[in-house]
Amino acid sequence: MADENNAHHDEHHDDHHEGNFFTKYIFSLDHKVIAKQFLFTGMFWAIIGGGMSILFRLQLGFPDMNLDWLRPLLGDWITTEGKIDPEFYLALVTMHGTIMVFFVLTAGLSGTFSNFLIPLQIGARDMASGFMNMLSYWFFFLSGVIMFISLFLSTGPASGGWVIYPPLSALPDAMLGSQGGMTLWLVAMVFFIVSSLLGGINYVTTVINLRTKGMSFARLPLTIWAFFLTAVIGLLSFPVLFSAALLLVFDRSFGTSFYLSDIYIAGEALPNTGGSALLFQHLFWFLGHPEVYIVILPSLGITSEIISTNSRKPIFGYRAMVGSLLGITILSFVVWAHHMFVTGMNPFLGSIFMFLTLIIAVPSAVKVFNYLTTLWRGNIVFTPAMLFSIGLVSLFISGGLTGIFLGNSAIDIQLHDTYFVVAHFHIVMGSASFFGMVAGIYHWFPKMFGRMMDDKLGYVHFWLTFVGVYLVFFPMHYIGVAGFPRRYYSFTNFDAFSSFTDLNMFVSAAAIITFGSQFIFVFNFIFSIFKGRKATLNPWRSNTLEWTTPRVPGHGNWPGEIPTVYRWPYDYSKPGAEEDFIPQTVPYSETPESNLPHENELIDQEEVQQEGITVDEASE
Amino acid sequence: MLTFAIIAGLVLLVVLLLLLFRINSLADVMKTEAQRRASTSNRVNAILMMVFLIGACALFFWYSIARQNEYKLPVASDHGIVTDNLFWISTVVTGIVFIITHILLFWFSYKYQYKKNAKAHYYPENNKLEIYWTVIPAIVLTGLVFSGWKAWSDITDKAPEGAEVVEIVGQQFQWSARYPGKDKQLGAFDFRKIDDENSLGIDFSDKSSFDDFIPRKIYLPVNRPVEFKIRAKDVLHSVYVPHFRLKMDAVPGMPTRFWFVPNKTTAQMREDLNNSGNPVWQEIDPNTGEPKWKNFNYELACTEICGRGHFSMKMLIEVVEEAEYKEWYAQQKSWLSTHEDYLSKVPADLKELAVISAGIESDKNN
Amino acid sequence: MPGESKKVERKKKYSTFKVIEKIHSHKMILYLALFGSFLIFAFMAFAYAVGRMETGGVEEVRFPKAFAVSTVVLMFSSYLVSKVLPSFEKDNLLSMKDYLAGSLSLTLIFSVSQFIGWTELRQAGLYLSEAPAVSFLIVISALHLLHMTVGLVILVHYLLKTWRLIQDPVKNLVTSTNPYEKVKLEMFTTFWHCMNFFWLFIYFFFLFNF
């Protein structure tokens, strides 16, 4: 398709095949190495972020427990009574959110799989700009370093919630975390935004311009569709977060009043007037809501691919799947204010956003039904990746359905900022995306490291995680319906919130076990890199292009010419075919026994295609 | 010694597991690809899918029914009854979808597990089906949205004439309430006028402010519309009264409002809880030594993260009969009468009026 | 795949999408990046407009005159930059150097003029922290100048490069026959025009809304 470009691109870029240790593993321009860098960093942050959640779950589940034994780790954030300091509790909640949403599920997920799979699945030698790709990782790394440093400030890291609503985040007097911690948070996020934009621009360009011969948009695997649209969403929304953060920086440091107005704090009235605290919320959620889809779309793409492969069936309704991805992409930009029903926003706007929000439920529902139909009459192989994908579908249903409550502004009055919300987004966005990420690691591990992960450990990991995640987050619905507000350090002050101590304890215990069982995965992952069984070339008998590369693809991915694509990626169990899969590189002329009538007509064009003249498709 | 034994035991267990894992993974190398697909593990996983489905459903129904006394929150406002209804309608609708889709998901996974000689059914597309399951959810959702929208526009509509107005002010980390006094007009405020005493920044150049009073507890009349006028002094807060199904952010520089009709007095609610047959309310509260229903109170909480003391911003609300409310209202002393120094902030030409409206006794006045 | 049957009749059509696919990937990167930057400006302008609707903005304020000068200067520089690529293609390095030098000096004048504009605001008593409207104007124009600084660096780079090529005919031959050099220059020209367009957008937006 865009092969001239590809050749073109090779000329001025791939003149550094063999480098030293630094250019090969650290400042590498190879998309596969960069993907692994994102993966390792993402896993590191997942452990940090998950560990934080265990700390605050200890406080919530066992409020009377003596936590003095944490003093070596947390120092003076453990009070003299052996409790977590209330302000540090908020810091933990904030950093858990920030780390998980941005560092793990955005950079760790998109960064890993977009980088790894886009060139491999579309048939490109590398990203459009390897240099920008490298910069993208190192900006992310820098952002992470800054965020990490902020954890050790004496005043603590940012603590105003991951949404950092001003005035709380703008006024150093309002809480300790709004001092140095908030500054570092903003600096880190600016670098993170730069990283995301560099990455996203690269992904979009690569998908548009560097597809191999025959790889029309209608033949793209759903993973690529998902990564492509994720990058588009990121490109449209991250600049807005940048604006929001920049204005907040000015409010904090240069005395402007973008978000501040009529404030009396710490014994004096501030000079700021004319600002609007709501403006920040609008700008933030204009990013924030699409961000939710940035997190979940790649996972949906990954599971589409895995479910199809392991059901040995084509994904049901490919065009509907693409359509719903597109629908979600577009609609994700017009629903942001459903996070703001009770913020004092004009109630008429509230009703508009309620309508728009419930429209977005439709494409999500279509996706679920299509997954179910793909499983129907399949021949399902339960690889760990497949198990996690089925888990994702289950979580996506459970969490998606509670979204219908929260998108309804009348019901949201009571449920807003309660544990119901916590349950909702942890299931649909947190756990579901996490499951997609883990499924992706299990599935593409053979391509990443040339070895297989251990299946049995994978099964144990899945069942512990799946059951664990439900045991952690499902009970939160009840706690939320009972009206418990989120971000509460303790519930003992209110009679209305005095019940459910047993359930909270149960949730915390389940959280500890679930978090602990992730180390089975970590062990399996690290062990298999070095000692895993050697992978075959196409261990899952999959159709997509990445399995046509050598076991461990080198720089440039294919030793010879990039293969040409002749068919869509989901020809599994085609009637008449001998094997139950036909890779994308097999021309229709070689499979007369299984061709559908209209596919026979395409045989003539294939010869033309081979000569280098590309075939146009009905896709644009 | 015991700790040592436990640690040693754990270490042994881990070693054993690692050994098993290693043996297993070495034996695994011998298997062919086809054996791997049709393995026992595949069957076990398929069976576990069904076990999970049945177990999780049982747990879900059991807990939802057995513990409903705890998670169902009593409701005490007119609109709360409407939104609660909407909630339960949504619960039923989504609950059905939830159960059906999950049965399909796990049943399919179990039924269509890998079999050596089976072949999957090539079934890439069916436009009719796609249209069905686009249109049907759309219709169901539209139904839900419309009922929600109607409720929402009623709730957010202007407060009816004659609603009792109460100003609720959030600050780190407490709530304050201000009543308009006899003239039923809340006086103006200005954040620049806030000081240690005048913590709400009442502007005494406005004559409506003279008779305003600031009680320690919020009193509300039953069955009459009440409008909360909400503002914040420092950072965002959010007014949340769970039993009234009421929530609205308090924003510095941007006053917000929420009106509602409390429909049960505190006393009546206590009685109702006592008679509800819900054992939770008969439990003895360890702090008071009395059954829980006896000390039931409406509580005002904060639901927007506001800093260190976010979890402790509590104010009590007492809903009383109309007559009792009137009596209480009449007894309240205006803020100005208890802080006479602030008379100096009143413009000279309004001083006389201030003294009368605030109810300051004349002999005290110079 | 259903739908593929249609493609026979479409085979020869060179659609818009096809054209997009043929764009050099580095150009595509630039377009997307510029689009992203534009969004930053657009959303700040949007935030400003919404805020103004709510609070009414600043009354009786003179929009800095120097910004008008900046606008004119920038238009001229755009004209000069548009001449750079044709000179390169005609292998006329001397005129290329002149055009580059011309736009460099105009850009410097632009920067000075921006500073004069801010001084004008300050003299009118409108400090950065005075009111959100003023803050928006200053922050956005400063952000734009930051973008221009990037352009300035590239401009200087090209100026030095051209000057070196003039000294060294062999290098010149290598450079002028490399197709990627042309792509790079095209990208530079696009970037420049875009920055000017951003400024025009900002200028007229605030002129009519301040």
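Being a predicted model, the structure only gives us computed values, none of them experimental.

## Description of the overall build of chain C
Here is step 1 of the chain: From N to C terminus, chain C includes 8 helices and 0 strands.
Here is step 2 of the chain: Taking all 210 residues of chain C together, the buried fraction comes to 50%.
Here is step 3 of the chain: Sequence-distant contacts in chain C: of pairs separated by 6 or more residues, those separated by 24 or more amount to 85%.
Here is step 4 of the chain: Total accessible area on chain C stands at roughly 10,400 Å², and carbon and sulfur atoms take up 67% of it.

## Quick notes on the state of the cysteines
Here is step 1 of the chain: Per the stated rule, a full pass over the model turns up 0 disulfides over all chains.
Here is step 2 of the chain: In this model B:Cys302 remains outside any disulfide bridge; the closest cysteine sulfur is found in B:Cys306, 4.0 Å from its own.

## Quick word on the UniProt feature "domain: Cytochrome oxidase subunit I profile" (unreviewed entry) in chain A
Here is step 1 of the chain: The positions UniProt marks with the feature "domain: Cytochrome oxidase subunit I profile" (unreviewed entry) are residues 21-566 of chain A.
Here is step 2 of the chain: From the first C-alpha to the last, residues 21-566 of chain A spans 39 Å; its make-up is 66% helix and 1% strand.

## A closer look at the interface of chain B and chain A
Here is step 1 of the chain: Each side of the interface is counted separately: chain B has 111 residues, and chain A has 129 residues.
Here is step 2 of the chain: Of the roughly 10,700 Å² buried where chain B meets chain A, counting both sides, 67% is carbon and sulfur surface.
Here is step 3 of the chain: The largest share of the area that chain B buries against chain A comes from B:Tyr122, B:Trp152 and B:Phe311, three residues that together contribute 8% of it.
Here is step 4 of the chain: On the surface where chain B and chain A come into contact, there are 4 salt bridges.

## So, the packing of helix H5 (residues 78-111) of chain B against helix H6 (residues 127-156) of chain B
Helix-helix packing is described using two parameters, namely the angle between the two axes and the distance between the axes.
Residue and element names in this part refer to chain B.
Here is step 1 of the chain: Between H5 and H6, the shortest axis-to-axis distance is 10 Å and the interhelical angle comes to 170 degrees. Relative to H6, H5 is oriented roughly antiparallel. Across the interface between the two elements, His79, Val82, Thr83, Leu86, Ile89, Ser90 and Val93 from H5 touch Val140, Leu144, Ser147, Gly148, Ala151 and Ile155 from H6.
Here is step 2 of the chain: Partitioning the contact of H5 with H6 into residue classes produces 8 nonpolar, 5 polar and no charged.

## A short note on unusual backbone geometry
Here is step 1 of the chain: With omega at 5 degrees, the peptide bond leading from A:Pro166 into A:Pro167 counts as cis.
Here is step 2 of the chain: Among the structural elements, A:Pro167 can be located in the loop between helix H6 (130-150) and helix H7 (180-209).
Here is step 3 of the chain: A cis geometry characterises the amide bond from B:Gln172 onward to B:Phe173, with omega recorded as -5 degrees.
Here is step 4 of the chain: Note on placement: B:Phe173 falls in the loop between strand S1 (164-171) and strand S2 (174-178).

## With respect to the sheet that holds strand S8 (residues 298-302) of chain B
Residues and elements named next belong to chain B.
Here is step 1 of the chain: Across the sheet, which stays open at both edges, the 5 strands sit in the order S3-S9-S8-S5-S6 with mixed pairing between neighbours. At either end of the open sheet lies a strand with only one pairing partner, and these are strand S3 (218-221) and strand S6 (246-250). Going across the sheet, the axis of each strand differs from the next one's by a mean of 25 degrees, ignoring polarity.
Here is step 2 of the chain: Bridge analysis of strand S5 (residues 237-241) against S6 gives 5 bridges, and the strand direction is antiparallel. Directly across from histidine 237, in S6, lies its bridge partner alanine 250.
Here is step 3 of the chain: Packing of helix H8 (residues 322-331) onto the sheet brings it into contact with S3 and strand S9 (315-320), and relative to S3 it is tilted by some 140 degrees.

## Here's the deal with the packing of helix H8 (residues 222-253) of chain A against helix H10 (residues 318-331) of chain A
Residue and element names in this part refer to chain A.
Here is step 1 of the chain: It is the contact of H8 with H10, at a shortest axis distance of 10 Å, that shows an interaxial angle of 10 degrees. Classified by the interaxial angle, the pair formed by H8 and H10 is roughly parallel. For the pair H8 and H10, the contacting residues are Leu222, Trp225, Ala226, Leu229 and Ile233 in the first and Tyr318, Met321, Val322, Leu325, Leu326 and Thr329 in the second.
Here is step 2 of the chain: Along the lines of polarity and charge, the residues of the contact of H8 with H10 split into 10 nonpolar, 1 polar and no charged.

Conventions and cut-offs
Residues numbered from 1 in each chain as written. Chains lettered and ligands numbered in written order. Predicted model: local features only at pLDDT ≥ 70, side-chain atom pairs only at ≥ 80, totals over all residues. Heavy atoms only, no water. Helix = DSSP H or I, 4+ residues; strand = E, 2+ residues; numbered from the N terminus. Buried < 20%, exposed > 50% of the residue type's maximum accessible area, 1.4 Å probe, protein only. Contact = heavy atoms within 4.5 Å. Areas by Shrake-Rupley, 256 points an atom, 1.4 Å probe, with all protein chains shown as cover. Disulfide = S-S within 2.5 Å. UniProt positions renumbered as here; feature names shortened; annotations may be inferred. Buried area = accessible area lost by both parts, 1.4 Å probe. Salt bridge = Lys/Arg side-chain N within 4 Å of Asp/Glu carboxyl O. Axes fitted to C-alpha atoms, helices over the stretch in contact; angles between N-to-C directions. Parallel < 35°, antiparallel > 145°, perpendicular 65-115°, else oblique. Nonpolar A, V, L, I, M, F, W, Y, C, P; charged D, E, K, R; others polar. Pairing = 2+ DSSP bridges.

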